[in-house]
Amino acid sequence: MSWSREFDDPISLPDDRSLTTQRDAADYITGLPKNEAAAPEWQAAIEALMLVVELVGPTMMARIGVMRALNRHQVREFTDTGKKHHWGKRKLKRDQ
């Protein structure tokens, strides 16, 4: 088990700190208040972190778990900007 493995990209925290290693993520999670750490998102992040450390798996899995837990209160919003699709347009009649 190696807790000193670094994430591919550091995880930015709301207080301008960053988590660069798995040890940093574990220390951050264990420092959370009990009621917040009991949230299902944090429990999933803890489980992902433990599996990555124990099985020497890809650090991206633990990073995704922590990121999902950090952003659990943010609602994803989709906008109608961007490329317009051609679905439903009539095809031109070809001359024969």
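Residue numbers here run from 1 along each chain, matching the order of that chain's written sequence. The predicted nature of this model means local features are confined to residues of pLDDT at least 70 and side-chain atom pairs, given and counted, to a pLDDT of 80 or more, with totals for whole chains, interfaces and linings taken over all residues. To obtain the side-chain values, all non-hydrogen atoms of the structure were used and water was disregarded.

Let's shift gears to the nonpolar core. Core analysis: the biggest nonpolar cluster contains 21 residues, and Leu19, Tyr28, Trp42, Leu49, Val66 and Leu70 have the highest contact counts within it. Counting from the N terminus, the helices are the DSSP runs of H or I reaching at least four residues and the strands are the DSSP runs of E reaching at least two. Of all the secondary-structure elements, those providing two or more residues to this core are strand S1 (6-12), helix H1 (22-30), helix H3 (40-55) and helix H4 (59-70). Per-element tally for this core: the top contributor is H3, with 5 residues. Contacts of leucine 49, omitting those with residues within four sequence positions, involve Trp3, Gln22, Ala25, Ala26, Ile29 and Ala62. As used in this record, nonpolar core signifies buried Ala, Val, Leu, Ile, Met, Phe, Trp, Tyr and Cys residues forming a set joined through side-chain atoms within 4.5 Å. Exposure is judged per residue with a 1.4 Å probe applied to protein chains only, and the accessible area is read against the type maximum: over 50% gives exposed, under 20% gives buried, and values in between give partly exposed. The criterion used for residue contact is that any of the two residues' heavy atoms lie within 4.5 Å.

Helices that pack against each other are described as a pair by the angle of their axes relative to one another and the distance between those axes. A fitted line through C-alpha atoms serves as each axis, taken over the contacting stretch for helices, and the angle formed by two N-to-C directions is quoted from 0 to 180°. Packing of H3 against H4 brings their axes to within 8 Å, and their N-to-C directions diverge by 165°. Here H3 is positioned roughly antiparallel relative to H4, judged by the angle of their axes. Like other packed secondary-structure pairs, H3 and H4 cross with a definite hand, here left-handed. Residues Glu41, Trp42, Ala45, Ala48, Leu49 and Val52 of H3 pack against Thr59, Met61, Ala62, Gly65, Val66, Ala69 and Leu70 of H4. Put simply, angles under 35 degrees are roughly parallel, angles over 145 are roughly antiparallel, angles from 65 to 115 are roughly perpendicular, and the rest are oblique. Take the far helix as your reference; a near helix turned counterclockwise from it by less than a right angle gives a left-handed crossing, and one turned clockwise gives a right-handed crossing.

Moving on, we come to H3. One fewer than the residue count of a helix, multiplied by 1.5 Å, yields its expected span. Look at H3: 22 Å from first C-alpha to last across 16 residues, which is about the 22 Å you get at 1.5 Å a residue. For H3, the full list of buried residues reads Trp42, Ala45, Ala48, Leu49, Val52 and Val53. Down the axis of H3, the smallest arc covering the buried residues is 125°, so these residues share one side. Opposite its buried face, H3 presents the exposed residues Pro40, Glu47 and Leu55, each directed more than 90 degrees away. Two residues or fewer past H3, valine 56 is found with a positive phi of approximately 50°. What the arc describes is the spread of directions from the helix axis to the C-beta atoms.

Bringing the pattern of salt bridges into the picture now. By salt bridge we mean one thing: a side-chain nitrogen of Lys or Arg within 4 Å of a carboxyl oxygen of Asp or Glu. The full count for this structure, using the stated rule, is 2 salt bridges. The shortest N-O distance in the salt bridge between aspartate 15 and arginine 17 comes to 2.9 Å. Where arginine 72 meets glutamate 36, a salt bridge forms, and the shortest distance between an N and an O atom there is 3.4 Å. Note that arginine 72 is positioned in the segment after H4 and glutamate 36 in helix H2 (residues 34-37), a separation of 36 residues in sequence. Arginine 72 sits in the partly exposed class, given a relative accessible area of 24%. Given a relative accessible area of 27%, glutamate 36 falls into the partly exposed group.

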